[in-house]
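Descriptive analysis of the structure
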Amino acid sequence: METRQLEYFVAVAEELSFTRAAARVFAVQSSVSAGVRALEAELGARLFERTKRAVTLTSQGEALLPRARAVLDAVDEARAAVAPGPHLVRGTVRLGVFTNLGYLGLPRVLAAFRERHPGVELRLTPSPAGSTGLGEDVRRGVVDVAFTGLDPQDHPGLRYTRLTSATFVAVLPAGHALAGAASVTPGDLADERVVTTPRGFGNRVVAERAFAHAGVAPRADTEVADVGDLPAFVAAGFGVAVVPADMYEPSDGAVAVPLDAPETWSLGLVTRPHPSAAAAALVAGLVHALGSAPTPR
């Protein structure tokens, strides 16, 4: 088994296209196809289902993918360890992100990281399932590092590093009876229609825990994929919302009132228990730029 074959396999698995994979690894398509076929022959397993319209991973391909990535990461680390001159971290890091991280100045932070680690290639990948989906992507090896709005106990088996924490605010229509209150409790919102994010999003999971702790279960009538859009939906009369204070974006016709609840929303990072040198360097860089000291578990 050759590392080049694994590189071809990972490229096709991530691009789901032999054409795009070939362009990515700077090879002709016939070489990529031949390399994947040779790998399949050596393993005695079909790794991809190929049709005229699509390329998909088989169950055997799904099982191989995280292991192939681990092998390639180890090769990068071995090369870096014996490279002449100053130690240079090399490799590719797939970073799982979700919406509404604009307040972190992420492009600037990642640009600074690239300047310090020019040998690391960064690829940003979103998940439609929010923090829950990103945690699963890390566990499956689809991404190496992921932001999460869930707590450490929500990611069993993964290494968790806390960055920041924020209290919640209730977003109410400007004409709401509690719009001028100093604070509100989850119980005050028990009979309200709620605008929220889809299931699995960290802010929704933690907010629902706050309601459950208070013994209430408001009706989630409307789901919106972007936390930043919730205040506008509140202003339009769809209901009320509960969002982390750091993510609140003002909107005409809506006001934010502090939520009096013990639960807080934390922004963190998750990796596999033994991340690659490049992934560990990215976590360290993000902690330095955005957060507190790491608290791995």
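Here goes a summary of the coordinates provided. On a predicted model such as this, the values are computed, not experimentally measured, just so you know.

1. A few points about the sheet that holds strand 6 (residues 159–166)
- Here we have five strands laid out as an open sheet, ordered 4-3-5-12-6, and mixed in their pairing. A single partner strand is all that each edge strand has here, and the edge strands are strand 4 (120–126) and strand 6. Geometrically, the sheet is characterised by an average inter-axis angle of 20° between neighbouring strands, direction not taken into account.
- Across the face of the sheet, helix 6 (residues 130–140) comes into contact with strand 3 (91–97), strand 4, strand 5 (145–148) and strand 12 (265–271) while running at roughly 160° to strand 5.
- Running over the sheet, helix 9 (residues 277–290) touches strand 3, strand 4, strand 5, strand 6 and strand 12 and is turned about 20° from strand 6.

2. Describing the environment of Pro126
- With respect to the helices and strands, the residue Pro126 is situated in strand 4.
- Sequence-wise, Pro126 and Val97 are 29 residues apart; in three dimensions their C-alpha atoms are separated by 4.9 Å.
- Sequence-distant contacts of Pro126, defined by excluding residues within four places in its chain, comprise Val97 and Leu134.

3. Brief notes about the side chain of His155
- Mapped onto the elements, His155 comes out in the loop between strand 5 and strand 6.
- There is a polar contact of 2.7 Å between the side chain of His155 and the side chain of Thr148.

4. What to know about the sheet that holds strand 11 (residues 254–258)
- As summarised here, the arrangement of the three strands in space is 10-7-11, forming an open sheet in which the pairing is antiparallel. Looking at strand neighbours, the two that pair on one side only are strand 10 (241–244) and strand 11, the edges of this open sheet. Between one strand and the next, the sheet's axes are offset by a mean angle of 35°, whatever the strand orientation.
- Pairing geometry for strand 7 (residues 168–173) and strand 10, over four bridges, is antiparallel. Within strand 10, the residue paired with Val171 across the bridge is Ala241.
- Helix 7 (residues 202–213) rests against strand 7 and strand 10 of the sheet, and its axis sits at about 120° to strand 10.

5. Overview of the environment of Thr264
- One can find Thr264 in the loop between strand 11 and strand 12.
- What makes Thr264 partly exposed here is its relative accessible area of 34%.
- For the pair Thr264 and Val194, spaced 70 residues apart in the sequence, the C-alpha separation amounts to 19 Å.
- Look past the residues within four positions of Thr264 in its chain and what remains in contact with it is Ala166, Thr167, Phe168 and Val206.

6. Examining helix 7
- Its 12 residues place the ends of helix 7 17 Å apart at the C-alpha level, agreeing with the 16 Å of an ideal helix rising 1.5 Å per residue.
- Regarding helix 7, the residues found buried are Gly202, Asn203, Arg204, Val205, Val206, Ala207, Ala210 and Phe211.
- Looking at the residues trailing helix 7, positive phi occurs at Gly215, about 80°.

7. Considering the packing of aromatic side chains
- A complete count under the given rule lists three aromatic pairs for this structure.
- The interplanar angle of 70° and the centroid separation of 6.0 Å between the aromatic rings of Phe18 and Phe48 together place this pair among those described as edge-to-face. Of this pair, Phe18 sits in helix 2 (residues 18–24) while Phe48 sits in strand 1 (residues 48–50), placing them 30 residues apart in sequence. Note on accessibility: Phe18 and Phe48 belong to one class, buried.
- One aromatic cluster in this structure is built from Phe9, Phe18 and Phe48.

8. Considering the packing of helix 1 (residues 3–15) against helix 3 (residues 29–43)
- Following both chains from N to C, one finds helix 1 and helix 3 inclined at 105°, their axes separated by 9 Å at the closest point. Taken together, the axes of helix 1 and helix 3 lie roughly perpendicular to each other. Facing helix 1, whose interface residues are Gln5, Leu6, Tyr8, Phe9 and Val12, helix 3 presents Ser31, Val32, Gly35, Val36, Ala38, Leu39 and Glu42.
- A breakdown of the residues in the contact of helix 1 with helix 3 according to their chemical character gives eight nonpolar, three polar and one charged.

9. Quick look at the pairing of strand 8 (residues 193–196)
- Sheet analysis places strand 8 next to strand 9 (residues 219–223), joined by four bridges and oriented parallel. Bridged to Thr196 within strand 9 is Glu223.
- For the crossover from strand 8 across helix 7 to strand 9, the handedness is right-handed.

Conventions used here
Per-chain numbering applies: the sequence of each chain, read as written, is numbered from 1 onward. A pLDDT threshold of at least 70 governs which residues receive local features in this predicted model, and a stricter bar of 80 or more applies before side-chain atom pairs are shown or counted, although totals over entire chains, interfaces and linings include all residues. The side-chain figures draw on all heavy atoms in the structure; neither hydrogens nor water molecules are used. Two strands pair under a simple rule: DSSP has to find at least two bridges between them. Put simply, DSSP marks the helices as runs of H or I at least four residues long and the strands as runs of E at least two long, and each gets a number from the N terminus on. Structural elements are reduced to axes, namely lines fitted to C-alpha atoms, with helices fitted over the stretch in contact, and the angle between N-to-C directions of any two is expressed from 0 to 180 degrees. The contact definition used throughout considers only heavy atoms, calling two residues in contact when any of these lie within 4.5 Å. A 3.5 Å cut-off defines polar contacts: any pair of N or O atoms within that distance qualifies, except that in protein one atom must be a possible hydrogen donor and the other a possible acceptor, and neighbouring residues in sequence count only when both atoms are side-chain atoms. Each residue's exposure class comes from its accessible area (1.4 Å probe, protein chains only) as a fraction of the maximum for that residue type: buried when under 20%, exposed when over 50%, partly exposed otherwise. Multiplying one less than the number of residues by 1.5 Å gives the expected span of a helix. Working definition: rings of Phe, Tyr and Trp (its six-membered ring) pair if their centres are within 6.5 Å, and the pair is stacked with planes under 30 degrees apart, edge-to-face with planes over 60 apart, and tilted otherwise. Any angle from 65 to 115 degrees is called roughly perpendicular, while one under 35 is roughly parallel, one over 145 is roughly antiparallel, and all others are oblique. Residue type decides the class: Asp, Glu, Lys and Arg count as charged, Ala, Val, Leu, Ile, Met, Phe, Trp, Tyr, Cys and Pro as nonpolar, and the leftover types, Gly among them, as polar. Viewed with both strands pointing away, a crossover whose connecting path from the first strand over the helix to the second turns clockwise is right-handed.

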